[in-house]
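# Commentary on secondary and tertiary structure
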Amino acid sequence: MTISVVGANRRYGDFAALDDVSLEIPSGSLTALLGPSGSGKSTLLRAIAGLDDLDTGTVYINGDDVTRLSPQRRDIGFVFQHYAAFKHMTVRENIAFGLKIRKRSKSEIATKVDELLDVVGLTTFQSRYPNQLSGGQRQRMALARALAVDPKVLLLDEPFGALDAKVRDELRRWLRRLHDEVHVTTVLVTHDQQEALDVADRIAVLNKGRLEQVGSPDELYDHPSNEFVMSFLGTVARLNGSLVRPHDIRLGRTPDLALADADAATAASGVLRASVVRVVHLGFEVRVELRNAATGEEFTAEITRGDAEALRLRDGDEIYVRATRVPQLATATA
Ligand SMILES: Nc1ncnc2c1ncn2[C@@H]1O[C@H](COP(=O)(O)OP(=O)(O)OP(=O)(O)O)[C@@H](O)[C@H]1O
């Protein structure tokens, strides 16, 4: 089911939480709403769910104008960061809840719940109560409960936000596989660019209530439309006025850092002198923290272990750097 938001505005007093946002979410996609805290992600998600009203604007689901429909009538599954499970019900009963109140037959409920327990990997935990589950298991139960009623769309607001890094990482992969199996149009709110790049097939970047860019992870990474998008998707350094990514910086002992594939934009960024502040070994990669000799600005380059060994970098060394790639931004905003 395609979701379209057209001309969405939401103000709180003088403050624009959503400022003329229009967004198309393709049927069957897993779209991340990505942005810093306060950028309007949850406001947009809640407007799609019908939990909050827009001041102006329209929400369409599958071509139908649902702007005035109650959340219950939008056929939506919703999972929040802190999921409120029914404490007195087992995992199985929690997942079955939505089907029961819709008065489905016992056998239909049993079949559906068995299937979902399997999908979310909780079959052996089905008789437990929510407080006997780990945080990650609880969120999987929440997803199963949301999916039980075959929603047209699944809306997830930082569903893994409260979990530790390792569990979050596992659940992301699991969500991606689940989505590949179930194909329900899914919108995931996250402030974590790694999470968005990892699981989403489309990313919508929000900043101060405005939509900055929408596209595939590759499109956003390779062709960010402005400096905000580029710096929000990962670490960046500023070399001679251009933003570059740490792994697009070449280091050398001499200023002769010729590039086979140098193009005009790269050549313009030139060779700079820098001193090595610190060398950090991160397995295969080596992170080199540097200080621009001309400006004193610190920045980071990421090189392979092999390159680092060849250069034999030591703290305090004076070296030369240049960008091997400078993304061309559509607009230059800060
Ligand atoms: N009920 C409200 N009353 C006043 N201001 C609100 C209300 N709800 C949200 N806001 C403001 O609107 C802005 C957007 O909030 P929203 O929750 O959509 O941001 P977000 O991008 O989801 O942020 P976070 O990642 O911190 O949850 C914030 O500055 C917030 O303070």
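The preceding data block contains the structure.
It should be emphasised that the depicted structure is a prediction, and the values quoted were computed from it without experimental measurement.

This paragraph deals with the overall build of the protein chain. Regarding its fold elements, the protein chain presents 10 helices and 17 strands. In terms of its C-alpha atoms, the protein chain occupies a principal-axis envelope of roughly 75 × 45 × 35 Å. Among the 334 residues that make up the protein chain, the fraction classed as buried is 36%. The contacts of the protein chain with a sequence gap of at least 6 include a subset with a gap of at least 24, amounting to 64%.

Moving on, we get to the sheet that holds strand 8 (residues 185–190). Strands sit in the order 6-7-8-3-9-10 across an open sheet of 6 strands; the sheet is mixed. Both outer strands of the open sheet, strand 6 (76–79) and strand 10 (210–215), are each paired with one neighbouring strand and no more. Taken pair by pair, the neighbouring strands of this sheet meet at an average axis angle of 15 degrees, ignoring direction. Across 5 bridges, strand 3 (residues 30–34) lies against strand 8 in parallel orientation. Across the sheet, the residue bridging to Leu34 is Thr190, located in strand 8.

For the rest of this paragraph, the subject is the packing of helix 3 (residues 106–119) against helix 4 (residues 135–148). Following both chains from N to C, one finds helix 3 and helix 4 inclined at 140 degrees, their axes separated by 10 Å at the closest point. As helix 3 runs across helix 4, the sense of the crossing is right-handed. On helix 4, the residues that touch Lys112, Leu116, Leu117 and Val119 of helix 3 are Ala144, Leu147 and Ala148.

Looking now at the pairing of strand 7 (residues 153–157). Every regular strand shows the same layout, with side chains that alternate between the two sheet faces. Burial runs high along strand 7: 5 of the 5 residues are buried. Here strand 7 shows two buried faces, one formed by Val153, Leu155 and Asp157 and the other by Leu154 and Leu156. In terms of strand pairing, strand 6 meets strand 7 through 4 bridges, oriented parallel. Along strand 7, the bridge assignment pairs Val79 with Leu156. Examined bridge by bridge, strand 7 and strand 8 share 5 bridges and lie parallel to one another. Pairing of Leu156 across the sheet is with Leu188, part of strand 8. Crossover strand 7 to strand 8 through helix 5 (residues 165–182) is right-handed.

A word on the sheet that holds strand 15 (residues 285–292). Across the sheet, 5 strands lie side by side as 13-17-14-15-16; this open sheet has antiparallel pairing. In the strand order of this sheet, the two ends are held by strand 13 (249–252) and strand 16 (298–304), each with one partner. Averaged over neighbouring strand pairs, the angle between their axes works out to 45 degrees when direction is ignored. Alignment of strand 15 against strand 16, held across 7 bridges, turns out to be antiparallel. Counterpart to Glu289 in the pairing with strand 16 is Thr300.

This paragraph deals with the site of the ligand. Contacts to the ligand come from Tyr12, Ala17, Gly35, Ser37, Gly38, Ser39, Gly40, Lys41, Ser42, Thr43 and His191. Residue classes in the shell around the ligand are distributed as 2 nonpolar, 8 polar and 1 charged.

Relative orientation of the contacting elements helix 2 (residues 91–101) and helix 4 amounts to 25 degrees, with a least axis distance of 7 Å. As summarised for this structure, helix 2 and helix 4 are arranged roughly parallel, according to the angle between their axes. In this structure, the crossing between helix 2 and helix 4 has a hand that is right-handed. The segment helix 2 lies against helix 4, with Val91, Asn94, Ile95, Phe97, Gly98 and Leu99 engaging Met141, Ala144, Arg145 and Ala148. A per-class count over the contact of helix 2 with helix 4 returns 7 nonpolar, 2 polar and 1 charged.

Reading the values: the criteria
- Residues numbered from 1 in each chain as written.
- Predicted model: local features only at pLDDT ≥ 70, side-chain atom pairs only at ≥ 80, totals over all residues.
- Helix = DSSP H or I, 4+ residues; strand = E, 2+ residues; numbered from the N terminus.
- Buried ≥ 20, exposed ≤ 12 C-beta atoms within 10 Å, placed from the backbone.
- Contact = placed C-beta atoms within 7 Å.
- Pairing = 2+ DSSP bridges.
- Axes fitted to C-alpha atoms, helices over the stretch in contact; angles between N-to-C directions.
- Left-handed = near helix turned anticlockwise from the far one by under 90°.
- Right-handed = clockwise from strand over helix to strand, strands pointing away.
- Near = placed C-beta within 6 Å.
- Nonpolar A, V, L, I, M, F, W, Y, C, P; charged D, E, K, R; others polar.
- Parallel < 35°, antiparallel > 145°, perpendicular 65-115°, else oblique.

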